[in-house]
Amino acid sequence: MPKPYVSIIITTFNRRVALAELLTALVEQTYQNFEVIIINDAGEKVNDVAALYSELDITIIDLPENRYHVYARNKGIKKAEGELIMLMDDDDLPLPIHLEIMIAQMGAADLAYSDVEIVNYQETNKKRTPINHHLFAYHFDVDAMRKFSTYVPSGSVYRKSIHDEIGLFDESVRNYWDWDFFLRVAEKHRIKRVPVASILYEFSQSGNNQSKKLGNMRYYLDQLSAKHQLGNLPTKNFYLLLEEPDVKKREAPSDRIWDGVTMPKSRL
């Protein structure tokens, strides 16, 4: 059977070192039937970074103004030619066998997502060095997902045709676009959690991960809650939410394949 063609959608904004490491990680994938679409959300140009990875089929979309990550992803989806989509943030990393593992699950799923290692980095102008990391792995439970999302979109793979049925990502719930997408997909499609921690998910204290910004999140959380009738949801710090009894009960075993040290080497 022919190997399915994958469109890897990467949104980026002024993270050249991380982006270069991600492109190295894509070169190292054991599954190579894919294109890479980078949406630069009006940040510093990255054409010179992409040029270092000539073995990858890379398309760059430069947005003329910063429209935030949800809009940028939607631009990438419209450009994608693959039958499957893999989402990536520019500061997250797939381990070499990640895409191969995910593709193998797609016969039994319309959307597959893996567990992740949450990593705290120290960054220089040439590379990031892991300081510490911990496992983020939770049992798949759609009802529980209505209270606290344990879906990490980076590295998730799904059928592009899903968008024909449910539409694109919803910009009106900005910080919670991924939670909203998961709940909409779950209504009519097959979702599979893959119990392998094959994504390194950046959550450094010095980074600018959207999930750390609590100031304007209440508005978007209320938008999400009203859309899906989720009730009153808290905007606690991410790590505090992980200690909630209902969340602790959902913790699940996972195959941890990263050594905690090895990183793809940027070509910058």
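What comes next is a walk through the structure. Just so it is clear, the model here is predicted, and its values are computed rather than measured. (Residues numbered from 1 in each chain as written. Predicted model: local features only at pLDDT ≥ 70, side-chain atom pairs only at ≥ 80, totals over all residues. Heavy atoms only, no water.)

### Looking at the pattern of salt bridges
- The final tally for this structure, using the stated rule, is 19 salt bridges.
- Between Arg16 and Glu44 there is a salt bridge, with the nearest N and O atoms lying 3.8 Å from each other. Within this pair, whereas Arg16 is found in helix H1 (residues 16-27), its partner Glu44 is found in the loop between strand E2 (34-40) and helix H2 (47-51), the two being separated by 28 residues in sequence.
- With a closest N to O distance of 2.8 Å, Arg193 and Asp115 form a salt bridge. Placement of the pair is Arg193 in strand E9 (residues 191-202) and Asp115 in strand E6 (residues 111-123), with a sequence separation of 78 residues. Here Arg193 matches Asp115 in class, with each residue buried. (Salt bridge = Lys/Arg side-chain N within 4 Å of Asp/Glu carboxyl O. Helix = DSSP H or I, 4+ residues; strand = E, 2+ residues; numbered from the N terminus. Buried < 20%, exposed > 50% of the residue type's maximum accessible area, 1.4 Å probe, protein only.)

### Description of the nonpolar core
- Ile8, Ile10, Leu23 and Leu26 are the most contacted members of the largest nonpolar core, which has 49 residues in total.
- Contributions of two or more residues to this core are made by strand E1 (6-12), H1, E2, strand E4 (84-89), helix H4 (98-105), E6, E9 and helix H9 (238-242).
- Considering every element that reaches this core, the biggest residue donor is H1, with six residues.
- Core analysis: the second largest hydrophobic core is formed by 34 residues, Ile37, Tyr71, Ala80 and Trp179 among them. (Core = buried A, V, L, I, M, F, W, Y, C linked by side-chain atoms within 4.5 Å.)

### Quick word on the environment of Thr30
- Here Thr30 is to be found in the loop between H1 and E2.
- Sequence-wise, Thr30 and Ala226 are 196 residues apart; in three dimensions their C-alpha atoms are separated by 42 Å.
- Leave out the neighbours within four places in its chain, and Thr30 touches Pro96, Ile97 and Glu100. (Contact = heavy atoms within 4.5 Å.)

### Looking at H4
- In terms of burial, H4 is a largely internal element, six of the eight residues being buried.
- Those residues of H4 not exposed but buried are His98, Leu99, Ile101, Met102, Ile103 and Gln105.

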